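# Structural overview for review
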Amino acid sequence: MSQERWTEVDDYFEAALVGSDDVLEAVLRTSVEAGLPEHQVSPSQGKLLALLARLVGARRILEIGTLGGYSTIWLARALPEDGQVVTLEADASHARVARANFARAGLADRIELLEGPALGTLDRLQEEGAAPFDLVFVDADKPNNPAYLDHALRLTQVGSVLVFDNVVRDGAVVGGDGSDAKVEGIRRMTEQIAAEPRLSATALQTVGRKGWDGFALALVIEPTD
Ligand code: SAH
Ligand code: DHB
Ligand code: MG
């Protein structure tokens, strides 16, 4: 099967079920104009994130890796009016584009963008005793996924869901010689999830406009502290 057909199928379901609007189109346009990498989730994946947020009744969402704010806006729209997305971004130019997009979306009051390397920000959130998050979307530098998983466990509660993007990477997750830091990050994270009694998890491969990749999904099933 070809990339072309995968994209056509995404087009079909996006037209039938997902839709788009001026705000989401503007995010994509301003991101390209600003030279950001086109690494945002697809429309169908953005809708999946929003549906997961609704399924768990999320009021507080943590996102690691904002880029231009495309996934952030999908997540923020799934929140009740008093809900909040906290999104972490290391790159100042990405953060600038994202902030403008949140303002354009009318969601600036529901989204808190914390600029700087995520590991430092996560330490700070914990020190400050941040209230638990109901959904965590991990979509930043893959070598740090094991550390992001540790933080996510400390910042969530029973019933929270963890979503990790890009866990398949054209099948690389099962290949290689251990020298690819991104792949190793995903594999160590997977082993940690497997050994973690507080999580029940699966991973799904996807094909579509972003090629062959996938998500890992984990539900927090026992108390965290
Ligand atoms: N979630 C976005 C895509 C994120 S792309 C969407 O689907 O729309 C990954 C982002 O993570 C990039 O913007 C990159 O700058 C950011 N990033 C990479 N390493 C990071 C780090 N250590 N801390 C915070 N952000 C990081
Ligand atoms: C890459 C990162 C992503 O988060 C993504 O969804 C696609 C690609 C990358 O670094 O290549
Ligand atoms: Mg991603």
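Above this note sits the structure.
Just so we're clear, the structure is a prediction, and the values are computed from it rather than from any experiment.

## Side note on the overall build of the chain
Each helix and strand in the chain was counted, giving 8 helices and 7 strands. Since a compact globule built from 225 residues should have a radius of gyration of about 17 Å, the 17 Å found for the chain is in line with a globular shape. Each principal axis of the C-alpha distribution contributes one length, and for the chain these read about 45 × 40 × 30 Å. Relative to its 225 residues, the chain shows a buried fraction of 47%.

## What about the pattern of salt bridges?
Enumeration according to the criterion identifies 8 salt bridges in this entry. A salt bridge links Asp11 to Arg209, with the shortest nitrogen-to-oxygen separation between them at 2.6 Å. Taken together, the positions of Asp11 in helix 1 (residues 3-18) and Arg209 in the loop between strand 6 (199-208) and strand 7 (211-220) put the pair 198 residues apart, joining distant regions of the chain. Linking Asp139 and Lys142 is a salt bridge whose minimum nitrogen-to-oxygen distance equals 3.1 Å. Across the pair, exposure class does not vary: Asp139 and Lys142 are buried alike. Several salt bridges share partner residues, and in doing so they unite Asp11, Glu14 and Arg209 into one network.

## Topic: the coordination of the magnesium ion (ligand 3)
At 2.0 to 2.1 Å from the magnesium ion (ligand 3) lie its protein donor atoms, namely Asp139 (OD), Asp165 (OD) and Asn166 (OD1). Of note, the magnesium ion (ligand 3) draws all its donor residues from one chain, in the sequence arrangement D-x25-D-N. Of this pair, Asp139 sits in the loop between strand 4 (133-138) and helix 7 (145-154) while Asp165 sits in strand 5 (residues 156-165), and the two are 26 residues apart along the sequence. Exposure class is identical for Asp139 and Asp165. Each is buried.

## Here's the deal with the pairing of strand 1 (residues 60-64)
Within a regular beta strand, the side chains point alternately toward one face of the sheet and then the other, so they alternate between its two faces. Most of strand 1 sits inside the fold, with 4 of its 5 residues counted as buried. Strand direction decides the pairing type here: strand 1 and strand 2 (residues 84-89), joined by 5 bridges, are parallel. Each residue of the ladder has a partner; that of Glu63, found in strand 2, is Thr87. Assessed by its sense of winding, the connection that carries the chain from strand 1 through helix 4 (residues 70-77) to strand 2 is right-handed. Pairing geometry for strand 1 and strand 4, over 4 bridges, is parallel. The residue of strand 4 that forms the bridge with Leu62 is Val136.

## Remarks on the packing of helix 3 (residues 43-55) against helix 4
Contact geometry for helix 3 and helix 4: axes closest at 8 Å, N-to-C directions at 35°. In the crossing of helix 3 with helix 4, the sense of the turn from one axis to the other is right-handed. Between helix 3 and helix 4, the residues in contact are Pro43, Gly46, Lys47, Leu49 and Ala50 and Tyr70, Ser71, Trp74 and Leu75, respectively. In the contact of helix 3 with helix 4, the residues fall into 6 nonpolar, 2 polar and 1 charged.

Cut-offs used in this document
Starting afresh in each chain, residues are numbered from 1 along the sequence in its written order. Working convention: letters from A go to chains and numbers from 1 go to ligands, in the order in which they are written. Side-chain atom pairs in this predicted model are given and counted only at pLDDT of 80 or more, local residue features only at pLDDT of at least 70, and totals for whole chains, interfaces and linings cover all residues. Values reported for side chains reflect all heavy atoms of the structure, with hydrogen atoms and water molecules removed beforehand. The helix and strand labels rest on DSSP assignments: H or I over at least four residues marks a helix, E over at least two residues marks a strand, and numbering proceeds from the N terminus. When we talk radius of gyration, it's over C-alpha atoms, and the globule rule is simply 2.2 Å times the number of residues to the 0.38. Burial classes: relative accessible area under 20% of the type maximum marks a residue as buried, over 50% as exposed, and values in between as partly exposed (1.4 Å probe, protein chains only). A side-chain nitrogen of Lys or Arg and a carboxyl oxygen of Asp or Glu constitute a salt bridge if their distance falls within 4 Å. In this analysis a donor is any N, O or S atom within 2.8 Å of a metal ion (3.2 Å for sodium, potassium and calcium), and since water is not included, sites may seem incomplete. Pairing between two strands is assigned when DSSP locates at least 2 bridges connecting them. With strands facing away from the observer, any crossover in which the path from the first strand over the helix to the second runs clockwise is taken as right-handed. Axis geometry follows a simple rule: fit a line to the C-alpha atoms, using only the stretch in contact for helices, then measure angles between N-to-C directions, giving values from 0 to 180 degrees. Helix crossings fall into two classes, left-handed where the near helix is turned counterclockwise from the far one by less than a right angle and right-handed where it is turned clockwise. Only heavy atoms enter the contact rule, under which two residues are in contact if any of them lie within 4.5 Å. Just so you know the grouping, Ala, Val, Leu, Ile, Met, Phe, Trp, Tyr, Cys and Pro go in nonpolar, Asp, Glu, Lys and Arg go in charged, and all remaining residues, Gly too, go in polar.

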